[in-house]
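Structure at a glance
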Amino acid sequence: MSHSLLVAWVNWNWRPSRTQISDSMLQSIMDECSSQEELRQNDKWAFNPGNDGGGVPSAGGSEVHDSMVRDAANVAHASSSSVVEVQEDGQRLTASSEAELVLERGSSGSGGPSERCLGIRSSQSVERFSAMIERDWCREEMHLLGQVEECFLRAPETLETENFIFDQDVQSYMFQKGSWDGEVSKSFEEIQHKRARILVNPHGCDYAAVTSTASGTSATSSSAGQCLSQAMSISSETGNEMPIHLTSTIGYSKATRESGGDRGNDGEDENTSSKLEDHEVRMDLTDDLLHMVFSFLDHIHLCHAARVCRQWRAASAHEDFWRRWNFQNKKITPLQFADMCSRYPNTSEVNIVGTPAVEMLAQKALTSLRNLEVLILGKGQFSDGFFHALVDCPVLSKLDITESNLAAGSPEIVVCHDRLRHLSMTKCRVIRISVRCLQLECLSLKRTNVSHAMLNCPQLKKLDIAFCNKLSDAGIRSVATSCPLLTSLNISNCTAVSDETLREVALSCPNLRVLDASYCPNISLESVRLPLLTDLNLHNCDGINSASIAALSYCYMLEALKLDCCWLLTSVSLDLPHLQNISLVHCRKFLDLNLRCPSLSSVTVSNCPVLNRISITSNNLQKLVLQKQDSLTSVHLQCQRLQEVDLSECESLKNTICDVFSDGGGCPMLKSLTLDSCESLTKVGLNCTSLVTLSLVGCRGMKSLELGCPNLQEVFLDGCDHLEDASFCPVGLRSLNLGICPKLSTLRLDASQMTILELKGCGVLSQAAINCPSLVSLDASFCSQLQDDCLSATTASCPNIESLVLMSCPSVGPDGLSSLCRLPNLTLLDLSYTFLTNLQPVFESCTQLKVLKLQACKYLLDSSLDALHKGGALPALRELDLSYGSICQSAIEELLASCTHLTHVSLNGCANMHDLDWSSGDRQCFQFGNVVQPFDLLPGSVNVTEINEEEPDRLLQNLNCVGCPNVKRVIIPPSARCFHLSSLNLSLSANLKEVNLACYSLCFLNLSNCCSLENLILNCPRLTSLLLQSCGIEEQVVEDAILHCNMLETLDVRFCPKITGAGNLRMVCPSLKRLFSSSCM
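Description of the structure in this document.

How each quantity is defined
Residues numbered from 1 in each chain as written. Predicted model: local features only at pLDDT ≥ 70, side-chain atom pairs only at ≥ 80, totals over all residues. Heavy atoms only, no water. Helix = DSSP H or I, 4+ residues; strand = E, 2+ residues; numbered from the N terminus. Buried < 20%, exposed > 50% of the residue type's maximum accessible area, 1.4 Å probe, protein only. Contact = heavy atoms within 4.5 Å. Areas by Shrake-Rupley, 256 points an atom, 1.4 Å probe, with all protein chains shown as cover. Arc of directions from axis to C-beta. Salt bridge = Lys/Arg side-chain N within 4 Å of Asp/Glu carboxyl O. Core = buried A, V, L, I, M, F, W, Y, C linked by side-chain atoms within 4.5 Å. Patch = residues over 30% accessible without salt bridge, like charges linked within 9 Å, V, L, I, M, F, W, Y side chains within 5 Å. Lys, Arg positive; Asp, Glu negative; His and termini not counted. Charge placed at Lys NZ, Arg CZ, Asp CG, Glu CD. Axes fitted to C-alpha atoms, helices over the stretch in contact; angles between N-to-C directions. Parallel < 35°, antiparallel > 145°, perpendicular 65-115°, else oblique. Nonpolar A, V, L, I, M, F, W, Y, C, P; charged D, E, K, R; others polar. Pairing = 2+ DSSP bridges. Left-handed = near helix turned anticlockwise from the far one by under 90°. Phe/Tyr/Trp six-rings, centres within 6.5 Å; stacked < 30°, edge-to-face > 60°. Lys NZ or Arg CZ within 6 Å of the ring centre and 35° of its normal.

Describing the overall build of the protein
If you tally the helices and strands in the protein, you get 25 helices and 58 strands. In the protein, which comprises 1081 residues, the share counted as buried stands at 52%. Considering only intrachain contacts with a sequence separation of at least 6, the fraction spanning at least 24 residues in the protein is 50%. For the protein, the exposed surface amounts to about 45800 Å²; the carbon and sulfur share of it is 48%.

Now the structure itself:
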């Protein structure tokens, strides 16, 4: 049983009246000890009664102690104790047994006991100890924090990973059944205000002790001579702090504890104490910190926190956290609410929306909370009595009532308050309302079915009567004109309002800044003058027309204007110096937009199907979006800071639009231009030095493109199917893809930073002037009209090309290939599907070539590759692709035999290749029975009779012979020296019958769809994947083949008719991880 140490030490100033322990309490301890039969020998109990060391022991102290000794002796006797020791001087009793009780009492200067300690060993005892505490000592007053309770209830090993921070009243550790006398109640009140803290060492433990001292030093009992008091010596805390230390020792074996039990070994004890102090983590959660933490909690979590301990309860009940009550939709009773009002009379904000008896609660709040400033009500009925009670709350500044019936008592309500500043009655039922608030600044009657309103609010600045459909035009006029200081007016959806009312408002409210008249069908603003107006919303006003816009020209301070869904509006021409935002959406008859607004920063124009012309002059506009304007043909911009323009799907735009965005067109800082799906554009010519991104996706009518944008970095031409002539001179592009322009015939490109150019699919490209000195990769595949002179000019102006793809370029001949000598860095050349007959220009010009692709070059002669295997041409060549060619068998054999420096060879679809036999004539040494073992295949370790050491090793790594119909045998013996071959693909070779391989590094072998395969011999110790899908091979042959493949992980034998099961294959090759078989499907 592993042992470690956990000590919980509580220090506080004991009073003499609290030093006595009752007989009933001690009896409960002994009963618990004697009733536990499973106590082990190492389970120790210790109990020390004591006092503060300075007072006189209470009456009856000796009798209590005598009873302790007597009862302890009984326990020791009942437990068959072998040692019982009583010392009269120190009053010490020791009982050693399976259940050991140790009781100590030392004498202070006054003769009284000095300390008391309760200790417990082992995890089982910890549980019993906590159970006794909860059951016998503090049933009503024990409020331990949840973490500390779990600390005592949990198994000791769970304490290794958790730290606990705990502030708890001393009363939690007081023994309530003691015989108290004197100043019990007074002392009890004193310690209620003490603070506890947890000091934790997060290591394993199996000892728990609770010690209280008055002298400031904790002394815990121990057995077997172990001095724990010195190891756990901790300086006392004074004042109102009660430190609770949770520490532990690490790695103490039983022998160590026994050897360290000598109380005279002070050096070792000091080392132990220093180790414990080093591992101790001291944490103190003061009241200020707790207050700061609780400030982030809502009321529900504060209530939960109050259940933890008394300190948390006191902290959570602080009035700072209860100045704002939110009981929205909570079922709080009037009695509970009254109790809250009595506890927190300084509350400033109350929200009781949706509570039962909301009017009663509201009146209670008004009469009890003298500092109430904000009251939020709703979902109830309010009578005249509530509004009369408002005067009882003199500091009330905001009243908010929503979804309520205000006409419960009488058809008219009167709101009268001297200091009310904000009044909101939203979605309320009321017929008549009278507001007399001299300090009121904001009034909202939104969605209230009021039919008559009378206001006496000389300081009112904001009025919202939106959706008050029952208010007449005269009523609205009376309400608005009675507030001369009004700055904001919302009359949206007031269908009765007229221009006459707005004229009266303009005369009576000269300071009006914000007007929302949306959905007012009877207004046109033709004779309304609002010179100080800054924000105007005319959304869906059917009466707004071009004459109305002329009236807006008098709104010199206007900053925001909304004209959405104004059906009669045909043109907008404004010259407003402060206008910043304008919105024109779904204006069906709108034709012309002319804005001369230097402060304009946002323009929203959308779904105006007949809009034809736009002219904007602004110094602040940075982004302009005019999408889906089908009729837009003319755009004039003078915007010095404009950076982004989107004219997507403006199908009627003409070629002259390019002049607007070129240098001198009025947009000197333009960086992004989007003209996607502008199908009327036929010729795009841009000369813009600031342009960075250009998108012409889907411009199917464009035939000519001329760009002179030196900083252009991105251009998108997808869907430009009819582009014939393209000029990029100069541009800052780094890559360009013109392969999506199949009709491109002429190309001029001047890009000093371009590295990648793709012309794949430009089948009619015949003239290309490419000046890209940094070009690295050029793909001109399928450019069937590309001539030698064009290729020569390109190699002269692009000397750094490393990769050149000329696949399916039949017009390229020897002259063009000779110009490749100007490309000293050329490493990849693709001449597949060409009509070349002589490769001598390539051998002479491309000395650094590493990859050469000659797929389907059917006109190459057998002697075309002589320079490779006879003349030593292209010494750096590593990859060669001769797939689907007409090279004969002998030329291929000589090439593979001589070019040992090749690493990747592809011979796919070579009909002239018959057998791939690299054996040295005598094949008997290569039969399976006499094969060289895997450990003999290393270079230099095989038999000299089988391998000619004078021959160089082949560097071949990948060999592909897919779909070779005439190949029947593939034999690669050790003498072939293919020590680097890692991948071999022979799939789709229908006539292949025999495969015999001895390749040490071979990892991948594909024999799929070799339906004639009969013999398979493998001596490939590193083979990991073998594919035999749709092969006619016997199951026994496969088993023999993979017998020595100890690293094989993947085997595919699906659709092999002669392989019926997979069990034997797994037995033969236990390293298999993935076996694909038709029987498993």
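A short note on helix H16 (residues 499-508)
The complete set of buried residues in H16 reads Asp499, Thr501, Leu502, Val505 and Ala506. Down the axis of H16, the smallest arc covering the buried residues is 155°, so these residues share one side. Taken together, the buried residues of H16 touch helix H15 (473-481), strand S21 (488-490) and strand S22 (514-516).

Side note on the pattern of salt bridges
Throughout the structure, instances matching the rule amount to 19 salt bridges. Among the salt bridges present, the one from arginine 324 reaches glutamate 349, with a minimum N-O distance of 3.4 Å. Of this pair, arginine 324 sits in strand S11 (residues 324-326) while glutamate 349 sits in strand S12 (residues 349-351), and the two are 25 residues apart along the sequence. The exposed category is assigned to arginine 324, whose relative accessible area is 54%. The closest approach of N and O atoms between glutamate 441 and arginine 421, which form a salt bridge, is 3.0 Å. Of this pair, glutamate 441 sits in the loop between strand S17 (432-436) and strand S18 (442-444) while arginine 421 sits in the loop between strand S15 (412-416) and strand S16 (422-426), placing them 20 residues apart in sequence. For arginine 421, a relative accessible area of 40% gives the class partly exposed. When salt bridges with common partners are traced through the structure, they connect Glu319, Asp320 and Arg323 into a single cluster.

As for the nonpolar core
By size, the foremost hydrophobic cluster in this structure holds 264 residues, and its most contacted members are Phe386, Val572, Phe661, Phe728 and Leu997. Examining the composition of this core, we find that five residues originate from one element, helix H13 (residues 358-368), more than from any other. Each residue touching phenylalanine 728, except ones within four places of it in the same chain, is listed here: Leu705, Leu707, Leu717, Leu733, Leu736, Leu738, Leu747, Arg748, Leu749 and Asp750.

Points about a negative patch on the surface
A grouping of Asp630, Glu649, Glu651 and Glu679 is seen on the molecular surface, where their side chains present a negatively charged patch. Take glutamate 679: it is sitting in the loop between strand S33 (672-674) and strand S34 (683-686).

A word on the packing of H15 against H16
Taken N-terminus to C-terminus, the directions of H15 and H16 make an angle of 10°; their axes are 9 Å apart at the nearest point. Between H15 and H16, the angle is such that the two are roughly parallel. Seen from H15, the contacting residues are Asp473, Ile476, Arg477, Ala480 and Thr481; seen from H16, they are Glu500, Thr501, Glu504, Val505 and Ser508. Tallied by class, residues from the contact of H15 with H16 come to three nonpolar, three polar and four charged.

Quick look at the sheet that holds S17
Across the sheet, three strands lie side by side as S15-S17-S19; this open sheet has parallel pairing. Every other strand in the sheet has two partners, leaving S15 and strand S19 (452-455) as the edge strands with one partner each. Between one strand axis and the next, the sheet turns by 10° as a mean value, whatever way the strands run. Summarising the sheet, S17 and S19 pair through four bridges and their orientation is parallel. Following the sheet pairing, serine 434 is matched in S19 by methionine 454.

Digging into the packing of helix H12 (residues 334-343) against H13
At a minimum axis distance of 10 Å, the contact between H12 and H13 shows a crossing angle of 15°. Here H12 lies roughly parallel to H13, going by the angle between them. The crossing of H12 and H13 is right-handed. Facing H12, whose interface residues are Pro334, Phe337, Ala338 and Cys341, H13 presents Met360, Leu361, Lys364, Ala365 and Ser368. The residue makeup of the contact of H12 with H13, split by class, is seven nonpolar, one polar and one charged.

Let's talk about the packing of aromatic side chains
Scanning the entire structure with this criterion turns up nine aromatic pairs. Residues tryptophan 322 and tyrosine 344 carry aromatic rings whose centres are separated by 5.7 Å and whose planes lie at 20° to one another, so their mutual orientation is stacked. In this pair, tryptophan 322 is assigned in the loop between helix H11 (310-316) and S11 and tyrosine 344 in the loop between H12 and S12, connecting sequence segments 22 residues apart. Assigned by exposure class, tryptophan 322 and tyrosine 344 land together as buried. An aromatic cluster is defined as three or more aromatic residues linked by ring pairs; in this entry it consists of Phe294, Trp312 and Phe321. In this arrangement the basic side chain of arginine 447 is found over the ring face of phenylalanine 467, its NZ or CZ atom lying 3.8 Å from the centre. The lysine or arginine in question, arginine 954, covers the ring of tryptophan 918, its NZ or CZ lying 4.4 Å from the ring centre.

What to know about the sheet that holds strand S42 (residues 767-771)
Taking strand neighbours across the sheet as the criterion, the five strands line up as S34-S36-S38-S40-S42 in an open arrangement whose pairing is parallel. Both edges of this open sheet fall to S34 and S42, since each of them pairs with a single strand only. The average undirected angle you get between the axes of adjacent strands in this sheet is 5°. With five bridges joining them, strand S36 (residues 704-709) and strand S38 (residues 725-731) adopt parallel strand pairing.

Some remarks on the environment of cysteine 709
Relative to the helices and strands, cysteine 709 is located in strand S36. Accessibility expressed as a relative area gives 0% for cysteine 709, which makes it buried. Spatially, the C-alpha atoms of cysteine 709 and leucine 733 are 9.4 Å apart, while their sequence positions differ by 24 residues. Contact partners of cysteine 709, with chain neighbours within four places excluded, come to Leu686, Cys688, Leu691, Pro730, Val731 and Gly732.

Side note on a nonpolar patch on the surface
Where nonpolar side chains cluster on the molecular surface, the patch consists of Leu532, Tyr554, Tyr556 and Met557 and spans about 360 Å² of accessible area. Positionally, leucine 532 belongs in the loop between S22 and strand S23 (535-537).

Description of the environment of cysteine 442
In this fold, cysteine 442 is placed in strand S18. Judged by relative accessible area, cysteine 442 falls into the buried class, the value being 15%. Taking the C-alpha atoms as reference points, cysteine 442 and cysteine 457, 15 residues apart in sequence, are found 9.6 Å from one another. Once residues within four sequence positions are removed from consideration, cysteine 442 is found in contact with Arg421, His422, Leu423, Leu460 and Lys462.

Focus: unusual backbone geometry
The amide bond that connects cysteine 729 to the next residue, proline 730, takes the cis arrangement and shows omega of -15°. Inspection of the secondary structure puts proline 730 in strand S38. Despite not being glycine, lysine 427 has its phi angle at roughly 55°, a positive value. With respect to the helices, strands and loops of the structure, lysine 427 is situated in the loop between S16 and S17. On the accessibility criterion, lysine 427 (44% relative accessible area) is partly exposed.

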